[in-house]
Amino acid sequence: QSVLTQPPSASGTPGQRVTISCSGSNSNIGSNAVNWFQQFPGAAPQLLIHSLNERPSGVPDRFSGSKSGTSASLAISGLQSGDEADYYCAAWDDSLNGWVFGGGTKLTVL
Amino acid sequence: EEQLVESGGGLVKPGGSLRLSCVVSGFSFIRHNMIWVRQTPGKGLEWVSSISGDSVNIYYGDSMTGRFTTSRDNAKNSLFLHINSLRVDDMAVYYCARISSAWSIDLWGRGTLVTVSS
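Owing to the predicted nature of the structure, the values given are computational and were not obtained by experimental measurement. (Residues numbered from 1 in each chain as written. Chains lettered and ligands numbered in written order. Predicted model: local features only at pLDDT ≥ 70, side-chain atom pairs only at ≥ 80, totals over all residues. Heavy atoms only, no water.)

Disulfides are covalent bonds that connect the sulfur atoms of two cysteines. Residue and element names in this part refer to chain A. If you walk through the whole model with that rule in mind, you get two disulfides over all chains. With a sulfur-sulfur separation of 2.0 Å, Cys22 is cross-linked through a disulfide to Cys89. Between Cys22 and Cys89 the sulfur-sulfur dihedral comes to about 80°; the bridge is accordingly right-handed. Within this pair, whereas Cys22 is found in strand β2 (residues 18-23), its partner Cys89 is found in strand β7 (residues 85-93), the two being separated by 67 residues in sequence. The buried category is assigned to Cys89, whose relative accessible area is 0%. (Disulfide = S-S within 2.5 Å. Helix = DSSP H or I, 4+ residues; strand = E, 2+ residues; numbered from the N terminus. Buried < 20%, exposed > 50% of the residue type's maximum accessible area, 1.4 Å probe, protein only.)

Note that Ser104 of chain B resides in the loop between β9 (92-99) and β10 (105-108). Given a relative accessible area of 1%, Ser104 of chain B falls into the buried group. Ignoring any residue separated from it by four or fewer positions in sequence, one finds Ser104 of chain B in contact with Asn35, Leu47, His50 and Trp99 of chain A together with Arg98 and Ile99 of chain B. (Contact = heavy atoms within 4.5 Å.)

Another aspect to go through is the interface of chain A and chain B. At the interface, 17 residues of chain A touch 21 residues of chain B. Between chain A and chain B the total buried area reaches about 1,600 Å² when both faces are included, carbon and sulfur atoms providing 67% of it. Scanning the region where chain A abuts chain B turns up zero salt bridges. Our count for the contact surface shared by chain A and chain B stands at four residue pairs in polar contact (both at pLDDT 80 or more). For the side of chain A that touches chain B, the secondary-structure elements that each account for two or more residues are β3 (34-39), β7 and β8 (98-101) of chain A. The residue inventory of the side of chain A that touches chain B, partitioned by class, reads ten nonpolar, seven polar and no charged. (Buried area = accessible area lost by both parts, 1.4 Å probe. Salt bridge = Lys/Arg side-chain N within 4 Å of Asp/Glu carboxyl O. Polar contact = N/O pair within 3.5 Å; in protein donor to acceptor, adjacent residues only side chain to side chain. Nonpolar A, V, L, I, M, F, W, Y, C, P; charged D, E, K, R; others polar.)

So this is what it looks like as structure tokens:
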């Protein structure tokens, strides 16, 4: 059971905008920045979004993040077939003194 | 190029021990906190441990305390994870990762697979 809660799956058609939610608590998302990761099968996770809505170099601006209270969301606009992957959220937890992750969301592009 | 390369995984019998290594290159290792994260096959990510650049602060996930030991050798740009009394549920891909100054997990290794089976 993951500390952060994500929907197990999401889907959309090419060109569509999809959002993936991540729910936590005051000690993690409520107090700290959220990281979003993209993971393709057989590969390591890669950072997509960090801090409030910062993208590492090379991440397209189709990916954006937001946060409200103890919840966060990842939005992907102009959905492409290459976006089909697993997406994870994570945040530092002040009570646990450690990183907590969501269970991951499998995105399918129909 | 900034890079993290894990090694040391393999097949181990239940009750055995293992030492995983992570060699970094392309950046100043001592300036970064580092973490270990594991991923069981077909499942999600689980934080294992964190270690500060000076090794003063070391933290472990709840289910890791007692059997897992994280250390680093800044002179050798290396991070280590020693696991004792391995259990079947420790079977996973173990990743080392870097914590950036913005407190994000911004660089990951490719991972090393630990298989626990008799």
